[in-house]
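# Coordinate inspection notes
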Amino acid sequence: PLCCKLPRRPAPCPAQHSGAMGVCHGSPASRAECPANMRVFGRRRAVLAGLNYRGTSAELRGCINDMTNQKSVLQEHYGFSEKDILMLHEDQPKDKWPYKARIMEGIRWLYEGAGPGDLLFFHYSGHGSQFQTADGVMADCLCPLDCLERPWPGSIILDTEIHQALYDPLAAGVKVVAIFDCCHSGTVANLPVKRDLHVSGEHAPKARYLKAPAMVGVKETQALAGIRRGVLAGQRQDHQLWVFSGCQDNQTSADAYVDGQFQGAFTWAMIKALRGDVWNQTYIDLLDQIRANLKGYTQVPALTTTSEPYLNYWYCGREPEAASREVHAVDREVGRRKALLIGINYRRSRNELRGCINDVATYRELLIKHYGFKESEMLILTEDESRENWPYKARIVEGMQWLMDGAREGDTLFLSYSGHGSQMMDSTGTEPSGMSQCICPLDCNKPWPEHIILDTEIHTHLYDSLPDGVKLTCVFDCCHSGTVANLEYNRDLHLAAQGFEEVPAVPERYHGARYMEPPRDVSQPHSASILALGCGRGSPAQFKKASGFRNAVADQKLYGNRHLWVLSGCQDDQTSADAFVSCMYQGAFTWALASTLQSQRYAAKYETLLTQVRAKLAGRYSQVPALSTTRRAYFDRFFLGKSAPELAIRKHCCAAK
């Protein structure tokens, strides 16, 4: 279904998006079906035209790869079938080479029998150019394969022809997405609602621009106006049409070598943006992410459409998959929201950090502004608070008890810890390495373990006492935190296992590890642990059985019904960075988490959130965040139960010129 996402301001869009597939809501109290013409429930057809102009002076290298990549995306993620995709490029039989006549025939085929609920898709990768019409106006144009041999304008496709063939015949209820990865494509659509503000950048691989023949060349003094003046605002407001352009009218689109192959920089950036968001994006958010991915190139992509609310629709009609009915039923249960926020900078000590109290401020603002928490239902423990709320061990334990006090079904609880993490010898014989994970309160300069909080203690105070139906999310931005939860299901594989290369952390102005060296008397693995396993490391089976408190949660009867998620800043054998990023001292993991939530408009599933946080940290920091929970299905739940993305506020530029 192609259902509108939350509009950016009160707008003609008749409904607001909810997490359920094909369902909209105007207010929490009233739910209504989206209008039928807003859904994709019919055929999906696509024409993909890529021109490499092989063996000519205009040769490109990446356009056919664009078509291959785009075809895979449409088939694997957007419901297009092989028989409904027409490929036009030089690797096809000659009758499917992208000459002008064949491209125009393809567009007519695209529209044959199209009716309400259908989705039509057109992608052109090749050269773009400009042609001066008889009345002196510079028209944008596409350059079919025969434009090198035959006179212009008979062998090119003018923007007016694109309108006549692709936009004008569009029937009510039919949706069209068009992509032009070519030069001078910014106003090839000339629709009334446009997003094309410039950004800066420097990089220019080969341009997808074909200079017009001398007899029809561009006069340098001629203003570039396209035919926008002939398009009245609202003229096509009833058409459901979205057009992506690889660059502005006065720019070139790059034919580049990216990720091991020749391809269009814009097409690469677009597919990367969709993949990064698990193939769910609104049109306007997709444009923003494409631009971010193209940082370093001079081209600035544009998006045009026919009505402003359409900017907030889901790309190609693919909404985020709804979780199970059970999940939504639980998430709709509304009770109290309480939060315990702990940040320790260890000021004026040799273990001093700089970003942990800032992390607390970040979580406080996040929870209040976006997740319905109240200041009165928060307990903040930092060195900036009054002395009774300094984060000593006893006060942290009291805070955990306060968090759980009175919790009942439907409540949502949140705990964040930013500070040092460490390890000390395990005397229980259950840790394969002989070391237990712990967090380090402000008074941990006193004897251990009396003044640290072991992972087993975290279980005792938080997880063991969690009532049925109460949702608890914990975030640990500290070192050695990968299995601080030791829950049954984990997403803690290293980046190398996901196709990323693990690289050393790259410090910005400041970069410290949130790791505290344990006292010598507790820093060596306990012999009982080593003997219990019979070796220093233990087999994978032994590791699963013996890892921390994991063996106590393996029994689904004990923990399977607990609604619990634990996000950890790194693996057990890693350090979490205390960094200077985005102009402030903060935890690298907290920064990545908050910025990912912002990009998702504060509605993200836990596993998607983990994937994107890892992507933000990859290449800059060596830490690999982890996620643990009590049931496999809970990875598919929304962070803090929020499934409806928020209104995004941006300045608009909607008038046709």
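All values derive from a computational prediction rather than experimental measurement. (Residues numbered from 1 in each chain as written. Predicted model: local features only at pLDDT ≥ 70, side-chain atom pairs only at ≥ 80, totals over all residues. Heavy atoms only, no water.)

### Section: the overall build of the protein
Scanning the protein from N- to C-terminus turns up 14 helices and 29 strands. The buried share among the 657 residues of the protein stands at 59%. Partitioning the contacts of the protein with sequence separation of at least 6, the portion at a separation of at least 24 is 78%. Within the structure as shown, the protein displays about 26,500 Å² of accessible surface, and the carbon and sulfur contribution to it stands at 52%. (Helix = DSSP H or I, 4+ residues; strand = E, 2+ residues; numbered from the N terminus. Buried < 20%, exposed > 50% of the residue type's maximum accessible area, 1.4 Å probe, protein only. Contact = heavy atoms within 4.5 Å. Areas by Shrake-Rupley, 256 points an atom, 1.4 Å probe, with all protein chains shown as cover.)

### A look at helix 13 (residues 588-599)
Along its 12 residues, helix 13 runs 16 Å from first to last C-alpha, staying within 8% of the 16 Å computed at 1.5 Å per residue. Among the residues of helix 13, A588, F589, T590, W591, A592, L593, A594, S595, T596 and L597 are the ones counted as buried. Of the residues trailing helix 13, R601 is marked for its positive phi of about 55°. (Expected span 1.5 Å × (residues − 1).)

### Notes on the environment of G106
Relative to the helices and strands, G106 resides in helix 2 (residues 100-111). A relative accessible area of 0% places G106 in the buried class. Along the sequence, G106 and A46 sit 60 residues apart, while their C-alpha atoms lie 9.1 Å from each other. Ignoring sequence-local partners within four residues, the contact set of G106 consists of V47 and L86.

### A short note on the packing of helix 13 against helix 14 (residues 606-617)
At a closest axis distance of 9 Å, the pairing of helix 13 and helix 14 adopts a crossing angle of 120°. Taken together, the axis directions place helix 13 and helix 14 in an arrangement best described as oblique. The chirality of how helix 13 crosses helix 14 is right-handed. Contact residues: helix 13 offers A588, F589, W591, A592, L593, S595, T596, L597 and S599, while helix 14 offers L609, Q612, V613, K616 and L617. Here the residues of the contact of helix 13 with helix 14 are counted per class, giving 9 nonpolar, 4 polar and 1 charged. (Axes fitted to C-alpha atoms, helices over the stretch in contact; angles between N-to-C directions. Parallel < 35°, antiparallel > 145°, perpendicular 65-115°, else oblique. Left-handed = near helix turned anticlockwise from the far one by under 90°. Nonpolar A, V, L, I, M, F, W, Y, C, P; charged D, E, K, R; others polar.)

### Here's the deal with the sheet that holds strand 9 (residues 157-158)
With antiparallel pairing, 3 strands are arranged side by side in an open sheet as 7-8-9. Each edge of the sheet is formed by a strand with only one pairing partner; in this case those strands are strand 7 (128-132) and strand 9. Note that strand 7 and strand 8 (residues 138-142) share 5 bridges and pair antiparallel. Bridging from a neighbouring strand, F131 pairs with A139 of strand 8. (Pairing = 2+ DSSP bridges.)

### What to know about the packing of aromatic side chains
Enumeration according to the criterion identifies 20 aromatic pairs in this entry. Where F244 meets Y283, the ring centres are 6.1 Å apart and the plane angle is 25°; that geometry is what we call stacked. One end of the pair, F244, is in strand 13 (residues 240-245); the other, Y283, is in helix 5 (residues 283-293), with 39 residues separating them in the sequence. Under the relative-accessibility criterion, F244 is labelled buried at 0%. Taking relative accessible area as the criterion, Y283 reaches 0% and is therefore assigned buried. An angle of 70° between the planes, with centres 6.3 Å apart, marks the rings of F244 and Y315 as edge-to-face. Note that F244 is positioned in strand 13 and Y315 in the loop between strand 16 (302-305) and helix 6 (325-332), a separation of 71 residues in sequence. In textbook terms, an aromatic cluster arises when at least three aromatic residues are bridged by ring pairs, as seen for Y78, W242, F244, Y283, Y310, Y313 and Y315. (Phe/Tyr/Trp six-rings, centres within 6.5 Å; stacked < 30°, edge-to-face > 60°.)

### A look at the nonpolar core
F121, F244, M270, I290 and Y315 are the most contacted members of the largest nonpolar core, which has 41 residues in total. Counting residues per element, this core draws most heavily on helix 4 (residues 265-276), at 8 residues. Leaving out residues up to four positions away in the same chain, F121 has contacts with R45, A46, V47, L48, Q70, L74, F80, L110, V177, I179, Y315 and C316. In terms of nonpolar packing, the next biggest core, distinct from the first, is built from 40 residues, A49, L51, I156 and V243 among them. (Core = buried A, V, L, I, M, F, W, Y, C linked by side-chain atoms within 4.5 Å.)

### Remarks on unusual backbone geometry
Note the cis peptide between W152 and P153, where omega equals 0°. Residue position: P153 is located in the loop between strand 8 and strand 9. The phi torsion at C583 lies on the positive side, around 70°, for a residue other than glycine. With a phi close to 65°, Y602 is a non-glycine residue in the positive phi region. As for its position among the elements, Y602 is in the loop between helix 13 and helix 14. Relative accessible area serves as the criterion here: at 11%, Y602 is assigned to the buried category.

Read these as spatial facts, not as claims about activity.
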